[in-house]
Amino acid sequence: MRKSTALKIPSVSQPPLKLDTIHLGECVEVLKSLPDNSVDLVFADPPYNLQLGGDLLRPDNSKVDAVDDDWDQFASFEAYDKFTREWMRECRRVLKDDGAIWVIGSYHNIFRLGVAMQDMGFWVMNDVIWRKANPMPNFKGTRFTNAHETLIWATKAKGQKRYTFNYDALKAFNEDTQMRSDWSIPLCTGDERLKDENGNKAHPTQKPEALLYRVLLACTKPGHVVLDPFFGTGTTGAAAKRLGRHFIGIEREENYRKVASERIARVIPATAEDLAVMGSKKSEPRVPFGAVVEAGLLQPGDILYTPKGDRSARVRADGSLVHGELSGSIHKMGAMMEQAPACNGWTYWRFKTDAGLKPIDDLRSRIRADMN
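Criteria and cut-off values
- Residues numbered from 1 in each chain as written.
- Predicted model: local features only at pLDDT ≥ 70, side-chain atom pairs only at ≥ 80, totals over all residues.
- Heavy atoms only, no water.
- Helix = DSSP H or I, 4+ residues; strand = E, 2+ residues; numbered from the N terminus.
- Buried < 20%, exposed > 50% of the residue type's maximum accessible area, 1.4 Å probe, protein only.
- Contact = heavy atoms within 4.5 Å.
- Core = buried A, V, L, I, M, F, W, Y, C linked by side-chain atoms within 4.5 Å.
- Axes fitted to C-alpha atoms, helices over the stretch in contact; angles between N-to-C directions.
- Parallel < 35°, antiparallel > 145°, perpendicular 65-115°, else oblique.
- Left-handed = near helix turned anticlockwise from the far one by under 90°.
- Nonpolar A, V, L, I, M, F, W, Y, C, P; charged D, E, K, R; others polar.
- Pairing = 2+ DSSP bridges.
- Phe/Tyr/Trp six-rings, centres within 6.5 Å; stacked < 30°, edge-to-face > 60°.
- Lys NZ or Arg CZ within 6 Å of the ring centre and 35° of its normal.
- Expected span 1.5 Å × (residues − 1).
- Arc of directions from axis to C-beta.

Chemist: Could you give me a rundown of the side chain of Glu-90, with the residues and numbers involved?
Modeler: Inspection of the secondary structure puts Glu-90 in helix H2 (residues 77–94). Its relative accessible area of 14% is what places Glu-90 among the buried residues. For Glu-90, the contacting residues outside a window of four places in its chain are Val-28, Leu-31 and Lys-32.

Chemist: Explain the environment of Gly-232 to me, using residue names and the numbers behind them.
Modeler: The residue Gly-232 is located in the loop between strand E7 (225–228) and helix H6 (235–242) in this model. With relative accessibility at 7%, the residue Gly-232 sits in the buried group. Not counting chain neighbours up to four residues away, the residues in contact with Gly-232 comprise His-203, Glu-251, Tyr-256, Arg-257 and Ala-260.

Chemist: Tell me about the nonpolar core, and name the residues and values.
Modeler: Counting residues in each nonpolar core, the largest one holds 31 residues, and the members touching the most others are Trp-87 and Leu-227. Mapped onto this core, the elements with two or more residues apiece are helix H1 (27–32), strand E2 (39–44), H2, strand E3 (95–105), helix H3 (110–120), strand E5 (148–155), E7 and strand E8 (246–251). Per-element tally for this core: the top contributor is H2, with six residues. Aside from chain neighbours lying at most four places away, what touches Trp-87 is Cys-27, Val-28, Leu-31, Ala-44, Pro-46, Val-103, Leu-113 and Phe-230. Val-128, Ile-185, Cys-219 and Leu-275 belong to the second largest nonpolar core, which has 30 residues in total.

Chemist: Let's hear about the packing of H6 against helix H7 (residues 254–265): which residues, and what values?
Modeler: Geometry of a packed helix pair, given as the angle between the helix axes and the separation of the axes. Packing of H6 against H7 leaves a shortest axis separation of 9 Å and a crossing angle of 15 degrees. Taken together, H6 and H7 sit at an angle that is classed as roughly parallel. For the pair H6 and H7, the sense of crossing is right-handed. Of the residues in H7, those in contact with Thr-235, Gly-237, Ala-238 and Lys-241 of H6 are Arg-263, Ile-264 and Ala-265. Taken together, the residues of the contact of H6 with H7 break down into three nonpolar, two polar and two charged.

Chemist: Run through the sheet that holds E5, naming residues and quoting values.
Modeler: Taken in spatial order, the eight strands line up as E1-E8-E7-E2-E3-E5-E4-E6 in an open sheet, and their pairing is mixed. Each edge of the sheet is formed by a strand with only one pairing partner; in this case those strands are strand E1 (21–24) and strand E6 (182–185). The mean angle between the axes of side-by-side strands here comes to 20 degrees, regardless of whether they run parallel or antiparallel. With four bridges joining them, E7 and E8 adopt parallel strand pairing. Bridged to Asp-228 within E8 is Gly-249. Sheet strands touched by helix H5 (residues 209–219): E2, E3, strand E4 (123–132), E5, E6 and E7. Its angle to E6, the strand with the most contacts, is close to 145 degrees.

Chemist: Describe in detail the packing of aromatic side chains, supporting the description with residues and values.
Modeler: Applying the stated criterion across every chain, the model contains twelve aromatic pairs. A ring pair is formed by Trp-153 and Phe-165, whose centres lie 5.2 Å apart and whose planes are at 35 degrees; its orientation type is tilted. With a gap of twelve residues between them, Trp-153 in strand E5 and Phe-165 in the loop between E5 and helix H4 (167–173) connect regions that are remote in the sequence. The class for Phe-165 is partly exposed, based on a relative accessible area of 34%. Ring centres of Phe-289 and Trp-346 lie 5.9 Å apart, and the angle between their planes is 70 degrees; this geometry places the pair in the edge-to-face category. Of the two residues, Phe-289 is situated in helix H8 (residues 289–294) and Trp-346 in helix H10 (residues 345–348); the sequence distance between them amounts to 57 residues. Here Trp-346 falls in the buried class, since its relative accessible area comes to 5%. Ring pairing ties together the aromatic residues Trp-102, Trp-153, Tyr-163, Phe-165, Tyr-167 and Trp-183, which thus form one cluster. Note that Arg-92 overlies the ring of Phe-122, its terminal NZ or CZ placed 5.1 Å from the centroid. Across the ring face of Trp-183, the terminal group of Arg-214 is positioned such that the distance to the ring centre comes to 5.0 Å.

Chemist: Break down H7 for me, with residues and values.
Modeler: The end-to-end C-alpha distance of H7, which contains twelve residues, comes to 17 Å, matching closely the 16 Å that a straight helix rising 1.5 Å per residue would cover. All buried positions along H7 are accounted for by Tyr-256, Ala-260, Arg-263 and Ile-264. Around the axis of H7, the buried residues are gathered within 90 degrees of arc, so they sit on the same side.

Chemist: Got a sec to walk through the pairing of E6? Specific residues and values, please.
Modeler: Only one face of E6 is covered, namely the one carrying Trp-183 and Ile-185; the face carrying Asp-182 and Ser-184 has none of its residues buried. Bridge count for E4 against E6 is four bridges, and the pairing is parallel. Paired with Lys-132 across the two strands is Ile-185, which belongs to E6.

Chemist: Explain unusual backbone geometry to me, and be specific about the residues and the numbers.
Modeler: Located in the positive-phi region is Asp-176, a residue other than glycine, with phi close to 65 degrees. Along the chain, Asp-176 falls in the loop between H4 and E6. Backbone geometry at Gln-339 places phi at a positive 50 degrees, although glycine is not the residue there. Counting through the fold element by element, Gln-339 comes out in the loop between helix H9 (330–338) and H10.

Structure, rendered in structure tokens:
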């Protein structure tokens, strides 16, 4: 019998990713040209689909510069949803498996965006409220003042174990207090608000750079690639360059692209030394307590103390502790001492120094410093 020969289909090579570039064109079409699994983070500020019914006037009858551009016009909710799922599907394709996405919107569109994200397999980590410190008042007096927008942060898939979240850096940023999911940041005003040659706003919904700075500080590392499929006047690119990240922007309007290019060219990035952030202990190499004994930083027979120094346990050669008839790991023994279900032995147990009792975590830090 003649052996059948499998038909070999040549693989289609994808073009290399061009970094720090603003692509001019329609969002979905440009996204289709980007390679699979190529970006670390997506930040999307899509059209709001405001569905405005007419001009908005101030009490003095002056017209409010509202969002009435063509790019925010959709024939129906169905048309908007179709567009949303098209660009979101392509963003999911180009996103790395350990990547994440942020989307921002107002009450007009954020709930539709959230449904599309969940239907597509993204896993919501947080919704973050951007509380505008200086919101535009409600001139008609018929509703509450719209004083916030909502950001959704999601990983690419449920159960995704690897993703970037610089928890300790944000805690240091927030004066050693855990960062909350409501952020008070002013609207983009003053010198930051970009103007055209006539002195008018270059873009009606320019976001404050502080907002993007915080998002990128939270969920990217230096050298990461950030994709913004609705680039506008380049706030994402400016924040990315300042923080030593790469950006890919997509913008359909040439006037916005021009303003963004000029803006980003003026940005001076921070030095590599200054881009270092507080590291998370979860990302540091694992060090068992036995390694502390093995390294001679503690000796078999040394005594460790509880935080108040009123009880103690003896170190054994295998890194276990013993107190009377009780024995076990530093964590198990700490839990038994406190009659608690669990205990972090590294921060619980103390060793004696000339300056008083110190947590044994100090000894682990010495070993990690040598490993690094």
